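This is what each chain is made of:
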Amino acid sequence: MTFWWVLLVAVLWLTVGLLTAGWFVIRGGHPHLSWYLVGGLLGPLFIPIAVERGRARPAVVDVVHRPSSREGSGLRVAIGVDGSAESDRALRAVGRTLSHTASHLVLVTVVSPDSVGEDQAAESREARRLLEERADSLPAGLPTPTVELVRGHPVDTLLAVAEAHDVDLLVVGRHGHGIRDRLLGSVAEELTRRSSRALLLGSLPDR
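1. Focus on the side chain of Arg134
Step number 1: Note that Arg134 resides in helix α5 (residues 117-136).
Step number 2: Note on Arg134: relative accessible area 14%, which makes it buried.
Step number 3: Leave out the neighbours within four places in its chain, and Arg134 touches Val81, Gly83, Asp88, Leu91 and Leu107.

Written out as structure tokens, the structure is:
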């Protein structure tokens, strides 16, 4: 009988830890799958850690404000950039559609809150390069974009940037690329529930 009680406690411990880790990874925006190992080992003890980490506010890593000649009564738009094919299609299509219509444009990318040391520095360099390349490739007729690099949970970060710039429209791809497909898919889904601003998920027809 003692064996079965120990086994039951072990199974419950592991289940609670893995479920908490799953919420932390998918909902919280932490892409490192090692959190499942941490959750499995800590079990219920991981719950307060996940909740506390989930309260961390987005931290701006880098902002390049580019004075725009198009400020006025047009649309204020923020576009999430992640380097995926769908994100790039959305950027091109929205760029063409909003040409001579948008008055303020922000390109933002989100980097992982879990990276440290050289990994963090390398991720930030790659994100800056990505933002600059996408900003330089925008079609004519758009205002000069501000580019922002922010570390944090994707949903909280995108909503914070949208709020800070008081945008009329927030644009994100439905999915990312690589192992983050499911993560970014859930981000888009959660944005539909939490965003108080107009939201475009995925791209317009790429004509």
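2. Notes on empty space enclosed by the protein
Rolled over the atoms, a probe with the dimensions of a water molecule shows which regions are left empty.
Step number 1: Summed over all chains, the structure comprises one cavity of 30 Å³ or more.
Step number 2: As a volume, the largest cavity reaches approximately 30 Å³.
Step number 3: For the lining of the largest cavity, the class distribution of residues is six nonpolar, one polar and no charged.

3. Considering the sheet that holds strand β4 (residues 146-151)
Step number 1: Pairing within the open sheet is mixed, and its six strands lie in the order β1-β4-β3-β2-β5-β6. Each edge of the sheet is formed by a strand with only one pairing partner; in this case those strands are β1 (59-64) and β6 (198-201). Taking each pair of neighbouring strands and ignoring which way they run, the sheet shows an average axis angle of 20°.
Step number 2: Strand direction decides the pairing type here: strand β2 (residues 75-80) and strand β5 (residues 169-172), joined by three bridges, are parallel. In the strand pairing of β5, Ala78 is matched with Leu170.
Step number 3: In the packing of α5 onto the sheet, the strands contacted are β1, β3 (102-111) and β4, and the crossing angle to β4 comes to about 155°.

4. Remarks on a nonpolar patch on the surface
Step number 1: Side chains of Phe3, Trp4, Leu7 and Val11 sit close together on the surface and give an oily, nonpolar patch of about 440 Å² of accessible area.
Step number 2: Look at Trp4 and you get exposed, because its relative accessible area is 57%.

5. Overview of unusual backbone geometry
Step number 1: The phi torsion at His100 lies on the positive side, around 65°, for a residue other than glycine.
Step number 2: With respect to the secondary-structure elements, His100 resides in the loop between α4 (85-97) and β3.
Step number 3: The class of His100 is exposed, set by a relative accessible area of 62%.
Step number 4: Despite not being glycine, Asp166 shows a phi value in the positive range, around 50°.
Step number 5: Looking at Asp166, the relative accessible area reads 47%, which means it is partly exposed.

6. Some details on the environment of Val161
Step number 1: Structurally, Val161 can be placed in helix α6 (residues 154-164).
Step number 2: Classification of Val161 as buried rests on a relative accessible area of 5%.
Step number 3: For the pair Val161 and Leu107, spaced 54 residues apart in sequence, the C-alpha separation works out to 9.7 Å.

Conventions used here
- Residues numbered from 1 in each chain as written.
- Predicted model: local features only at pLDDT ≥ 70, side-chain atom pairs only at ≥ 80, totals over all residues.
- Heavy atoms only, no water.
- Helix = DSSP H or I, 4+ residues; strand = E, 2+ residues; numbered from the N terminus.
- Buried < 20%, exposed > 50% of the residue type's maximum accessible area, 1.4 Å probe, protein only.
- Contact = heavy atoms within 4.5 Å.
- 1 Å grid on protein atoms, 1.4 Å probe; cavity = no way out; pocket = protein on both sides within 12 Å on 5 of 7 lines; lining within 4 Å.
- Points joined across faces, edges and corners; volume = space filled by probe spheres on them.
- Nonpolar A, V, L, I, M, F, W, Y, C, P; charged D, E, K, R; others polar.
- Pairing = 2+ DSSP bridges.
- Axes fitted to C-alpha atoms, helices over the stretch in contact; angles between N-to-C directions.
- Patch = residues over 30% accessible without salt bridge, like charges linked within 9 Å, V, L, I, M, F, W, Y side chains within 5 Å.
- Areas by Shrake-Rupley, 256 points an atom, 1.4 Å probe, with all protein chains shown as cover.
- Salt bridge = Lys/Arg side-chain N within 4 Å of Asp/Glu carboxyl O.

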